[in-house]
Amino acid sequence: MLQKLRLEWLVLAVVMVFMTAACTMQMLPTASSDTADEPAQEEGMAQEESMEAESSDPELATDVELLPAEAPPFNTANWTTDFSQRTVEYSEILSGGPPKDGIPSVDDPTFEPAVDATERLSEQEPVIVFTHEGEAKAYPLSILIWHEIVNDEVGGKPVSVTFCPLCNASIVFDREFDGQILDFGTTGRLRNSDLIMYDRQTETWWQQFTGEGLIGEYAGRQLTFLPSQVLSFADFVDRYEDGLVMETPDFRRQYGANPYGGYDTSARPFLFSGEIDERLAALERVVGIDLDGTIMAYSFSDASDEGAINDEVADMSLVVLHKDGTASALDSSIIENGRDVGSVGVYNRQVGDQTLTFVDNEDGTFSDEETGSTWLITGEAVDGELAGTQLERVLSFDHFWFAWSAFFPNTGLYGS
């Protein structure tokens, strides 16, 4: 068993060394080559088109207390960050390998009609879907796995679409903050194995997982989450006929390849030193929610087994839907060949004065027992008495269990 574990770690280490080298060697000429900036310690859509996250007002400081000023234990020559303001201990921050902007964000993405993208994307490929003011866009994980951040505008709203492969965390943020529009890049640092971003306006460091400012002018402040969903490319095309798909950027990357081959079936997460909540395997996929401070997680395994989980959380009747057909971006060395992990959607199941009870039709659709209407994974009724109705989306996040429980140690777990 020990030899097997050591072998797993060796394979994972080789994968990460490859990723680090790829990110560093393939940078654009404009990307920072801040190789001296290494830490001393090398250890490792509710109504889809209008809903915004129920998070703290970004114009107000949170009740997080700042820590005493302390010189960082790493080179800060290439940073203009105000390191006198921070909410976390420097010991919690590790180097991910690449330097500042070593994993370059995409700042000027281009798009093509979804129907045209069928020539380069397979039906099961995972895409992050975000909609606003009638415009729907899909961001393939086969691109984001190499860039982690896309600064864009959807329906007139400036947004950042982010993906941290080590935590399987796909999150969309509002870039409008404190009277300005922020542009985000990668710091090359991790906390709880999760991407630490920075904004180029103040060079504040932000935790991707929580949207909290960690170090700098906006330390303790909160970015606004925006509702998004990871779907298969086929489901995006079916639901959004006029949708747009991000085109392959002009970078030298092996788009379509997964530099973290086999990661989501590993025994342990990478660059994570915290304790693992043993209620689930560390890299089990979960969908997490925070309803007014009530934290819950639902494993993809349970969601897949039940198809539709009808639950009550914090006085809300909600449903977690699961549909097969979406490949894991972190399994096979070729993303389109990844194992089927499916997609989830979390919705308020109260429609008018009715509380609906959902069942899986086992054909990729769902029905409610009260009206017999037919529903899609995107929360829209397409047939029956409620045809045309859109369920209110509950802000939710697809993550690996180890990361969700590390940032939210008091989380509830469905079925536990």
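Counting restarts for each chain: residues are numbered from 1 in the order of the written sequence. pLDDT decides what is reported in this predicted model: residues at 70 or higher carry local features, side-chain atom pairs at 80 or more are listed and counted, and totals for whole chains, interfaces and linings draw on all residues regardless. Water and hydrogen atoms were dropped before computing side-chain values, which therefore reflect all heavy atoms in the structure.

(A) Fine view of the nonpolar core. By nonpolar core we mean a set of buried residues, namely Ala, Val, Leu, Ile, Met, Phe, Trp, Tyr and Cys, connected to one another through side-chain atoms within 4.5 Å. When a residue's accessible area, from a 1.4 Å probe over protein chains only, is under 20% of the maximum for its type it is buried; when over 50% it is exposed; and in between it is partly exposed. Residues Ile128, Tyr139 and Phe402 are the most contacted members of the largest nonpolar core, which totals 60 residues. Only heavy atoms enter the contact rule, under which two residues are in contact if any of them lie within 4.5 Å. Every residue in contact with tyrosine 139, bar those within four places of it in the chain, is listed here: Phe111, Val127, Ile128, Leu144, Val150, Asp152, Val154, Val161 and Met246. With 26 residues, the next largest nonpolar core counts Ala136, Val237, Trp375 and Leu391 among its residues.

(B) Empty space enclosed by the protein, seen in detail. With a 1 Å grid spanning the protein atoms alone, the term cavity applies to any set of points in which a 1.4 Å probe fits but cannot get out, the term pocket to an open set with protein on both sides within 12 Å along at least five of seven lines, and the term lining residue to any residue with an atom within 4 Å of a point. Grid points are joined across faces, edges and corners, and a volume is the space filled by probe spheres set on the points. A volume near 130 Å³ is recorded for the second largest cavity. Around the second largest cavity, the lining is made up of 17 residues, and of these Leu141, Asn168, Val230, Arg285 and Asp398 lie nearest the centre. Polar here means any residue outside two lists: the nonpolar Ala, Val, Leu, Ile, Met, Phe, Trp, Tyr, Cys and Pro, and the charged Asp, Glu, Lys and Arg; Gly therefore counts as polar. In terms of residue class, the lining of the second largest cavity is built from 9 nonpolar, 6 polar and 2 charged.

(C) A look at the pattern of salt bridges. By convention in these notes, a salt bridge is any Lys or Arg side-chain nitrogen within 4 Å of a carboxyl oxygen on Asp or Glu. For the structure on display, the rule yields 17 salt bridges. For arginine 339, the salt bridge goes to aspartate 264, with nearest N and O atoms at 3.6 Å. Of this pair, arginine 339 sits in the loop between strand 20 (316-323) and strand 21 (343-348) while aspartate 264 sits in the loop between strand 16 (244-246) and strand 17 (285-291), and the two are 75 residues apart along the sequence. Taking the relative accessible area as the measure of exposure, arginine 339 reaches 36% and is therefore partly exposed. Put simply, Glu70, Arg86 and Glu89 are held in one network by salt bridges that share partners. Elements are defined by DSSP. Helices are runs of H or I of four residues or more, strands are runs of E of two residues or more, and each kind is numbered from the N terminus.

(D) Structural context of the confidence of the model for the protein chain. Note: pLDDT gives the predictor's confidence per residue, expressed from 0 to 100. Here the protein chain averages 88 in pLDDT, and 85% of its residues register 70 or above. Within the model, the stretch residues 1-56 combines pLDDT values under 50 with 120 contacts to residues more than four positions away or in other chains.

(E) Expanded view of the sheet that holds strand 17. When DSSP finds two or more bridges between two strands, those strands count as paired. Strand order in the open sheet formed by 4 strands is 29-17-18-30, with mixed pairing between adjacent strands. Both outer strands of the open sheet, strand 29 (396-400) and strand 30 (412-413), are each paired with one neighbouring strand and no more.

(F) Spatial organisation of a negative patch on the surface. Residues enter patches when they are more than 30% accessible in relative terms and free of salt bridges; like-charged ones are connected within 9 Å and nonpolar ones (Val, Leu, Ile, Met, Phe, Trp, Tyr) within 5 Å. Computed with a 1.4 Å probe, the accessible areas rest on the Shrake-Rupley method; for each residue, only the protein chains presented here act as cover. Charged residues are defined narrowly, with Lys and Arg counted positive, Asp and Glu counted negative, and His plus the chain ends left uncounted. Every charge is mapped onto a representative atom, which is NZ of Lys, CZ of Arg, CG of Asp or CD of Glu. On the surface, a cluster of negative charge is contributed by Glu123, Asp238, Glu241 and Asp242. Mapped onto the elements of the fold, aspartate 242 is located in the loop between helix 4 (233-239) and strand 16. A relative accessible area of 76% places aspartate 242 in the exposed class.

(G) The sheet that holds strand 21, seen in detail. Reading across from one edge, 19-20-21-28 is the order of the 4 strands in this open sheet, with antiparallel pairing throughout. In this open sheet, the two strands that pair with only one neighbour each are strand 19 (308-313) and strand 28 (392-393). Looking at chain direction, strand 20 and strand 21 are connected through 6 bridges and run antiparallel. Residue lysine 323 lies in a different strand from strand 21, and its bridge partner there is serine 343.

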